[in-house]
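# Structural description and commentary
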Amino acid sequence: ECMQLREVKSLKKLNHPNIVKLKEVIRENDELFFVFEFMELNLYELMKKRERHFPESKIRNMMYQIFQGLAFMHKHGFFHRDIKPENLLLDKDDNIKIADFGWSTIAKNKRNTFCGTLDYLAPEMLSESYDQRVDVWSLGVLMFECLFGAPSHTPDTQHQPHSPTDTHPYTRSPPHTHSPTHPFT
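The rules behind these values
Residues numbered from 1 in each chain as written. Predicted model: local features only at pLDDT ≥ 70, side-chain atom pairs only at ≥ 80, totals over all residues. Heavy atoms only, no water. Helix = DSSP H or I, 4+ residues; strand = E, 2+ residues; numbered from the N terminus. Buried < 20%, exposed > 50% of the residue type's maximum accessible area, 1.4 Å probe, protein only. Contact = heavy atoms within 4.5 Å. Areas by Shrake-Rupley, 256 points an atom, 1.4 Å probe, with all protein chains shown as cover. Patch = residues over 30% accessible without salt bridge, like charges linked within 9 Å, V, L, I, M, F, W, Y side chains within 5 Å. Salt bridge = Lys/Arg side-chain N within 4 Å of Asp/Glu carboxyl O. Core = buried A, V, L, I, M, F, W, Y, C linked by side-chain atoms within 4.5 Å. Pairing = 2+ DSSP bridges. Axes fitted to C-alpha atoms, helices over the stretch in contact; angles between N-to-C directions. Phe/Tyr/Trp six-rings, centres within 6.5 Å; stacked < 30°, edge-to-face > 60°. pLDDT = per-residue confidence, 0-100.

### Observations concerning the overall build of the chain
If you tally the helices and strands in the chain, you get 5 helices and 7 strands. Element order for the chain, N to C, with α for helix and β for strand: α-β-β-β-α-α-β-β-β-β-α-α. Split into buried and exposed, the 185 residues of the chain put 47% on the buried side. Within the chain, counting contacts between residues at least 6 apart in sequence, those at least 24 apart form 61% of the total. In the structure as shown, the chain presents an accessible area of about 10400 Å², 52% of it carried by carbon and sulfur atoms.

So, in structure tokens, the structure goes:
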């Protein structure tokens, strides 16, 4: 029964160096426990610890790894729908793996479910059907955030994008996920 969960089914089918490996699923009483390979930290934690912007070479390497994982997912009909720094895990050698497949889906047709994190949502998720290209949008927002120290927009400043020339330290609202029933809470 627990092997039929969307996240478990996704992870069992996606074996790639840039996708976190599910080692085991344990069911104890009415609770499920997922055991994953060990990763040092997530990208959000790394971004908060830094004192200045990442060098372009580091960003290029990180984006390449994430694109490799996404390309593999998309080739196999999956899309993630919640790409954000908290869902990108790093090991001690700066290898990045995509994690948290709770919103992922297998889709041969376009979808129209509202899900994910508002800071990284592609515009079409708010108004129409969409496909795996929403992951690419989210990765573009993430790349901007890595380059300039802040997301291109935030829910409270959607119409006031940050300027690429801003030099402010990393400022971002705390991690949050919006539910499909209450997207702005």
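### Section: a nonpolar patch on the surface
Together, Leu5, Leu32, Phe34 and Phe36 give the surface a local cluster of nonpolar side chains, amounting to about 290 Å² of exposed area. Within the secondary structure, Phe34 is located in strand β2 (residues 31–36). Here Phe34 falls in the partly exposed class, since its relative accessible area comes to 31%.

### Quick notes on the nonpolar core
Most often, soluble globular proteins keep nonpolar side chains buried together rather than apart. With 32 residues, the main nonpolar core has Leu43, Ile66 and Cys146 as its most contacted residues. The set of elements that each furnish at least two residues to this core consists of α1 (6–13), β1 (22–28), α2 (43–49), α3 (56–75), β5 (88–90), β6 (96–98) and α5 (133–148). Among the elements that take part in this core, α3 stands out by supplying 7 residues, more than any other. Other than its neighbours up to four places away in sequence, Cys146 contacts Leu43, Met47, Arg50, Phe54, Ile59, Met62 and Met63.

### Some words on the side chain of Gln65
Mapped onto the elements, Gln65 comes out in helix α3. Note on Gln65: relative accessible area 8%, which makes it buried. Every residue in contact with Gln65, bar those within four places of it in the chain, is listed here: Asn18, Asp94, Asn95 and Ile96.

### A look at the sheet that holds β5
An order of β3-β5-β6 is seen for the 3 strands of this open sheet, with the pairing classed as antiparallel. Every other strand in the sheet has two partners, leaving β3 (41–42) and β6 as the edge strands with one partner each. The pairing of β3 with β5 spans 2 bridges and is antiparallel. Paired with Leu41 across the two strands is Leu90, which belongs to β5. Taken strand by strand, α3 contacts β5 and β6, and its axis lies near 30 degrees from that of β6.

### Structural notes on the environment of Arg52
Topologically, Arg52 is positioned in the loop between α2 and α3. The class of Arg52 is exposed, set by a relative accessible area of 71%. C-alpha separation for the pair Arg52 and Gly149, spaced 97 residues apart in sequence, amounts to 8.0 Å.

### Details of the packing of aromatic side chains
With the rule as written, the count across this model stands at 2 aromatic pairs. Judged by centre distance (6.2 Å) and plane angle (50 degrees), the ring pair of Phe34 and Phe36 falls under tilted. Note on Phe144 and Phe148: the rings are 4.7 Å apart at their centroids and 55 degrees apart in plane angle, and the pair reads as tilted. Highlighted residues: Phe144 and Phe148, both in helix α5, separated by 4 residues, approximately one helical turn.

### Topic: the confidence of the model for the chain
Within the chain, residue pLDDT values average 75, and 65% of them lie at 70 or more. Long-range and interchain partners of residues 157–185, a stretch whose pLDDT sits below 50, account for 59 contacts in this model, where long-range means more than four residues apart.

### Overview of the environment of Glu51
You can see Glu51 is positioned in the loop between α2 and α3. In sequence terms Glu51 and Gly149 are 98 residues apart; their C-alpha atoms lie 10.0 Å from each other.

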